[in-house]
Structures are given as C-alpha cells and as structure tokens.
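Below are the chains, spelled out letter by letter.
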Amino acid sequence: MNTDAEDLRQFVHGASLDAKARARLEEAVPEEFFTVPGGLTAPDRHALTYERLRRAGLAAPPAGELLADPPALCALLERAAVADPPLFHLMLLHYTLALGPILRFGAGQDGARRARESLESMASFGTLLMTEVGRSNSHLSPRTVARHDPATGGFVLSTPDSRAAKFPTNTAHPDLPKTAAVYATLVHGGEERGVFVFAVPLRGPGGAVPPGVRIVPAPETTGLQVDYAAVLLEDVRVPYEAWLRDGASIGADGAFHDPAGSAAARLTRSMGIAPPVWRAVISASAAITRASAEMLLAHSAGRATLGRLAPRRPLTDYRNQQEAVLGAIASAYALTAVAAHVTTPGPAAGGAAEGAAAEGGPSTAWAPWSAVDRDLALLKAAATVQAQETVSACRVHSGAPGFAAVERLNAYRGLTHAYQNAGGDNELILYDTARAMADLDRYVPPEPGLGPPDDGDLDSPRVWLFLARDAERRMRDRLAGRVEAALRGGEDAFTAWNGNLALAARTATACADRVILEILAAADGAGPRALGPVLRLHALDRLERRAAGLLNEGVVPPGFLDEVWAARRRTCDELAPRAAELAAAFELPAPVTAPAAFLV
Ligand SMILES: Cc1cc2nc3c(=O)[nH]c(=O)nc-3n(C[C@H](O)[C@H](O)[C@H](O)COP(=O)(O)OP(=O)(O)OC[C@H]3O[C@@H](n4cnc5c(N)ncnc54)[C@H](O)[C@@H]3O)c2cc1C
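Residues numbered from 1 in each chain as written. Predicted model: local features only at pLDDT ≥ 70, side-chain atom pairs only at ≥ 80, totals over all residues. Heavy atoms only, no water.

1. Thoughts on the site of the ligand
Close contacts around the ligand come from 18 residues, with Met130, Thr131, Ser136, Pro168 and Asp425 the closest. Taking Thr131, its main chain carries an N or O atom lying 2.7 Å from an oxygen atom of the ligand. Asn137 is positioned with one of its side-chain polar atoms (N or O) 3.0 Å from a nitrogen atom of the ligand. Against a free-state accessible area of 960 Å², the protein chains account for coverage of 72% of the ligand. If you list the elements that add at least two residues to the shell around the ligand, you get α6 (85-105), α14 (408-421) and α15 (426-438). Per element, the largest residue contribution to the shell around the ligand is three residues, and it comes from α15. Taken together, the residues that form the shell around the ligand break down as 10 nonpolar, six polar and two charged. Per-domain counts for the shell around the ligand show at least three residues from each of domain 2 (125-248 + 261-271) and domain 3 (272-593). (Near = heavy atom within 4 Å. Polar contact = N/O pair within 3.5 Å; in protein donor to acceptor, adjacent residues only side chain to side chain. Areas by Shrake-Rupley, 256 points an atom, 1.4 Å probe, with all protein chains shown as cover. Helix = DSSP H or I, 4+ residues; strand = E, 2+ residues; numbered from the N terminus. Nonpolar A, V, L, I, M, F, W, Y, C, P; charged D, E, K, R; others polar. Domains from an automatic or database assignment.)

2. Some words on the domain arrangement of the chain
Examined at the domain level, the chain breaks down into domain 1 (3-118), domain 2 (125-248 + 261-271) and domain 3 (272-593). Computed over C-alpha atoms only, the centres of domain 1 and domain 2 are separated by 24 Å. Together domain 1 and domain 2 conceal approximately 2,200 Å² of surface at their shared face, both sides included; 68% is due to carbon and sulfur atoms. Three residues stand out in domain 1 for area buried against domain 2, namely Tyr50, Phe105 and Gln109, and they jointly supply 30% of the buried area on that side. Taken together, domain 1 and domain 2 are joined by zero salt bridges. (Buried area = accessible area lost by both parts, 1.4 Å probe. Salt bridge = Lys/Arg side-chain N within 4 Å of Asp/Glu carboxyl O.)

3. Topic: the nonpolar core
By size, the foremost hydrophobic cluster in this structure holds 166 residues, and its most contacted members are Phe88, Met91 and Tyr333. Apart from residues lying up to four places away in sequence, Phe88 is in contact with Leu77, Ala80, Ala81, Ala280, Val281, Ala284, Leu415 and Tyr419. If you look at the next biggest cluster of nonpolar residues, it comprises 25 residues, including Phe155, Val182, Phe196 and Trp243. (Core = buried A, V, L, I, M, F, W, Y, C linked by side-chain atoms within 4.5 Å. Buried < 20%, exposed > 50% of the residue type's maximum accessible area, 1.4 Å probe, protein only. Contact = heavy atoms within 4.5 Å.)

4. Overview of α6
The end-to-end C-alpha distance of α6, which contains 21 residues, comes to 28 Å, matching closely the 30 Å that a straight helix rising 1.5 Å per residue would cover. Leu99 marks where α6 bends most, by close to 40°; the proline Pro101 follows one to four residues later. Of all 21 residues in α6, 19 are buried, a share of seventy percent or more. (Expected span 1.5 Å × (residues − 1). Bend = angle between axes of the 7 residues up to and from the residue.)

So this is what it looks like as structure tokens:
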C-alpha cells in the first residue's frame with residue numbers, strides 16, 4: 001500500500017483502537033449481520049435484530065468498559081449502523097440510553113445492580129421511556145409521575161392520561177425481555193422535585209408484562225424497522241432502589257435531599273446521559289456517509305451514458321455526477337474528521353464532558369440539550385443534517401438500482417431522517433444555540449479579522465474560516481438586535497423570538513459551520529497531504545449551500561457562486577483520478593459494495 005493510501009486509512013479509522021480491539025468489535029458485528037434474509041414477518045425481523053444485538057453484546061467487551069471508552073463504543077455502533085440501521089438504533093438504546101443512566105446515576109444501588117446485570121448479560125434488552133406522545137417538548141416536563149409512597153418507601157409510577165403515554169419505545173415484540181429507563185417527575189410530599197430516571201423491568205424473560213404496565217404496539221413501519229409501541233404505566237409499584245438517585249435521597253425522617261439544588265439543575269443532570277449518544281450518532285453519521293459514498297462510486301464508475309451531446313461518454317465525465325460522487329466522498333471525510341474530534345478523549349470530545357456537564361451549558365427554552373453540552377448537541381444536529389443530505393444525494397444519483405435493487409441506501413436514509421428528531425430534535429437544538437448566542441450566554445462571537453486573507457482565494461482554509469466567522473458574527477448581531485428591539489418595543493419573549501426563528505436557525509447553523517470548518521482546517525494542517533483537496537471540496541460544497549445566507553448578510557458579493565463553482569471544478573479535476581483510492585480507505589465490508597445478487 002502506498003503512503004498516501006495508508007495515511008488515509010489511518011485517518012479514517014483513527015489511532016485510538018489497536019488492531020486487536022478493532023478485530024474484536026468486527027467479530028461482534030460479523031459480515032453475516034450485513035444482510036437480512038428475505039421473507040421475514042415484521043416480528044421475525046425484529047426478533048432477528050434483537051438476537052444479533054444479543055450476540056454482539058456477548059462478543060463485545062463488557063458494557064462498562066465500552067461506556068468508559070468512547071472510541072470503542074463508537075466503533076462498535078458505527079459498524080452496526082453500516083451493517084443494519086435498526087441494529088444500530090437498538091444497540092444505541094441498550095448501551096447509552098438504558099445502561100448509561102443505570103451506570104451513571106445508580107452506582108452502588110442494589111436495584112440498579114439487578115437491572116445492570118440483566119442488561120450487561122444480554123438477558124434483557126434496554127429501552128428508553130422519555131418522550132411523551134401528546135405534547136411537544138415533553139422532555140422539559142414529563143407528565144409521567146413517580147410518587148413517593150411513605151408507607152412502602154418505594155414509588156408509584158403513573159401515566160396521567162393517554163396523551164402522556166411514552167412513545168416511541170422499542171417494546172412491542174411480545175416474547176422479548178425489556179428493561180426500561182423511565183423518565184418521570186418525582187413527586188414527594190405533594191411537591192414536584194424534578195425529573196429523575198427509574199429502572200423498571202417492562203417485560204420479563206418470556207416477554208410477560210408486569211402488573212400495571214400497558215404496552216400498545218404501533219402499526220408496522222419501514223423507515224427504521226423496530227418494534228415501536230406506546231407504554232402506559234398504571235400505578236406501577238417499584239422499590240426505592242429502582243430510583244436512579246444520582247446522590248439524591250429521601251431520609252428516614254422523610255426529608256428530600258438533592259445535590260442538584262433545583263429542579264432545573266436536576267433536569268439537566270438527568271439529561272446528562274446524552275453526550276455518549278451524540279458521539280455515537282455523529283460517528284454513525286460519518287460511517288453511513290462513507291458507505292453511501294462508496295456505493296455511489298460503485299454505481300457510477302465505468303457506467304456509460306447515451307446522452308446525445310456525447311454518446312458513450314462515461315457518466316462521471318458529467319460534472320453533476322462527478323461532483324455528486326466526489327462531494328459524497330468529501331462529505332464522508334469531513335464527517336469522519338468531526339467524529340474523530342468528538343470521540344478523541346479530551347476537551348474536544350465535548351466541552352462540558354460528563355460530570356461537569358450539568359453546570360456547563362447555557363440556559364435553554366426549547367429543550368434540555370444545549371444545557372448539557374451546547375457544542376456537542378450542535379454537532380449532532382449538524383452531522384445528522386449533513387449525513388441526511390449526502391445519503392439522499394447518493395440515493396438519487398444511484399438511480400433505480402440505488403432504490404430498488406438493495407435496501408441499504410433507503411435504510412441509511414431512514415436512519416439519518418429519524419435522527420433529525422431522535423437523540424435531541426435538531427431544530428430545537430438550533431433555537432437554543434441561537435438564543436445562547438444572542439444572549440452571549442457562555443458564548444463568545446468569533447473574531448473574523450479584517451477582510452478575507454490570501455486575496456480571497458477559496459482554496460485557502462483561512463478564507464473559508466474568515467467567511468464562516470464573518471457570517472456567524474453578522475447573523476448573531478442582527479438576531480440579537482432584532483430580538484432586543486422587539487422586547488424593548490413591548491413584545492413578549494414568545495413573540496420576539498417567534499418572529500425571528502428563520503434567522504435563529506441560520507445563525508446557529510452558521511456557528512456549526514464555523515466549528516466544522518475549524519475542525520477541517522485543523523485536520524488539513526495535521527492530517528495526510530492527500531486529505532487537503534478532499535476537505536477543500538467539502539468546504540466549497542458547504543459554502544455553496546450557505547450562499548444565500550452569505551449574500552443576505554453582505555459577507556460575499558454577487559458572483560460568489562461562480563467563484564465557488566470554478567474552485568469546485570478545479571478541485572474535482574484534481575480528485576477525480578483518485579476517487580477509487582479515496583473510497584478504498586473506507587475499508588467497507590464486502591456485502592456493502594457487492595453488486596445486487598439477483599441479477600448475477
Ligand atoms: C425513530 C425514532 C425513535 C425514537 N425513539 C425514542 C425512544 O426510544 N424513547 C424515547 O423516549 N423517545 C424516542 N424518540 C422520540 C424523540 O426524542 C422525539 O421524536 C423528539 O424529541 C421530538 O419530539 P416529538 O416527537 O414529540 O415531536 P415534536 O416535539 O412535536 O416536534 C415536531 C416538530 O415541531 C417542532 N417543534 C416542537 N416544539 C417546538 C417549539 N417549542 N418551538 C418550535 N418548534 C417546535 C420540532 O422542531 C419538530 O420539527 C424517537 C424518535 C424517533 C424519530
């Protein structure tokens with residue numbers, strides 16, 4: 001292998017895991033998991049996914065080790081995502097959203113130990129009961145309550161009405177054991193004390209449901225195929241030990257104590273399980289983008305066209321397809337750089353890493369996420385949007401074979417689509433980010449400097465950074481000014497913000513762009529030489545997508561797009577001969593790029 005190719009391979013796979021650790025994760029998700037046999041009923045398909053999850057969990061390192069090792073957990077989850085998106089989704093729930101709070105909040109508790117053992121041994125599968133079906137932003141104030149019962153010392157969990165049912169949950173399969181992390185508002189002495197997590201067995205070994213638990217299966221869906229159901233808790237009694245207390249307690253004298261100090265701080269702490277979810281979602285977004293890009297290349301390379309301008313000219317000679325293929329590869333490398341940034345141990349992995357998280361983020365209005373870790377939540381939103389756009393473009397540019405010959409691109413698209421909402425709703429994250437920016441709440445606007453450097457040459461990372469910083473700063477200033485003027489003019493906070501949501505979303509997106517371009521500029525400086533034009537292509541694509549905002553803010557003059565297109569054509573000419581080498585560094589398992597078997 002030549003040096004460039006080896007450097008690229010190392011960049012994609014990172015240095016955090018040695019060959020032995022990587023091989024073990026590959027054995028946990030073997031090539032067999034990359035295909036699903038035909039003819040399964042929906043419940044059989046779900047059962048197969050859980051059986052594969054069980055096998056993966058038993059073959060992988062112990063859950064506690066994985067959760068303490070972000071690169072390893074992300075590597076396992078990204079392989080699952082490329083193999084089969086439903087497997088990724090269930091695995092993410094199992095490790096980060098069911099076991100995560102048990103390990104984090106229930107350390108040393110006996111009841112938590114039992115739940116932990118059943119999940120770690122894969123005797124039970126994890127499920128999350130957080131979102132409630134009937135109201136938006138239900139995470140901020142779940143209507144499901146956990147009333148402390150002084151007579152038994154335990155709690156009674158109740159869903160007040162069907163609009164407060166927990167949905168979606170992965171609990172419909174009638175035969176499979178499930179253990180839930182239930183988010184509920186704790187009520188003690190008639191007072192609401194904040195949102196806490198409870199470990200609750202929802203289905204026993206053969207799938208039997210305990211008294212008071214009502215599970216209502218949802219109709220079959222195809223976007224991301226798992227066993228969705230709504231769950232209602234009708235006076236479900238759980239022992240004191242099921243409360244994942246995180247240092248809070250109810251003393252023998254009945255006094256309630258919580259080190260969080262307030263219900264708002266408690267909510268942020270309870271949502272502090274999110275950073276491992278975001279890292280995994282960013283890594284999986286990068287991984288399925290790599291897979292999609294390679295599939296598009298496989299579809300396009302060597303394909304002839306019959307267009308009358310130039311019959312039999314190769315498809316990739318046409319700029320639209322060439323830019324789609326190379327743009328997808330570039331997007332995959334860019335997301336890989338972002339994933340490496342957030343999974344590498346250290347401050348880059350999330351400014352307010354677990355523990356400090358509760359106190360680290362800005363105050364929020366739409367969702368709890370930015371309060372946990374503003375930048376990591378924002379990168380989750382940006383990565384899933386980017387993956388969604390690239391995977392969708394790969395599907396479209398793969399024509400009918402990409403839609404109808406194999407399910408893979410549709411399944412990746414389903415996953416990226418689902419995670420616009422799941423794992424923290426992207427739009428709400430943008431609005432809370434924008435509000436923190438406008439209020440200068442733990443946010444310092446970037447300093448663009450005077451005029452674009454390097455004569456505005458779009459090949460220079462310094463120029464991309466100047467444009468991104470200038471746009472972010474101008475948008476923030478305008479947003480802050482508009483909201484402030486509205487409030488000064490007597491509008492209430494809702495009206496002042498509601499009239500500015502479009503600008504707010506663009507302002508937060510500009511912040512995400514700047515953070516990503518800084519990551520790319522750093523990777524360009526430190527990474528292999530061969531990476532430079534790849535990251536440049538992604539930066540140019542990103543600037544093209546943001547051209548409307550850049551023009552609107554006066555950051556660039558009319559004619560800017562012509563310059564971007566010219567720079568992109570030059571970059572694509574440079575990259576086109578190396579497309580196969582760039583994709584080879586992704587090292588995807590054979591089933592991902594194998595030609596559709598039914599025609600052979
Ligand atoms: C595939 C999938 C699996 C999931 N799995 C689980 C799970 O296992 N457990 C679990 O607890 N949850 C799960 N979720 C739920 C997920 O957390 C929520 O979908 C997400 O938080 C959005 O909430 P919602 O569905 O109530 O939609 P809504 O909050 O109603 O959002 C709908 C739209 O309205 C917008 N919106 C909402 N509120 C506001 C506002 N105040 N201001 C402006 N715009 C607003 C949103 O941006 C969004 O575009 C899953 C979701 C998906 C898609």
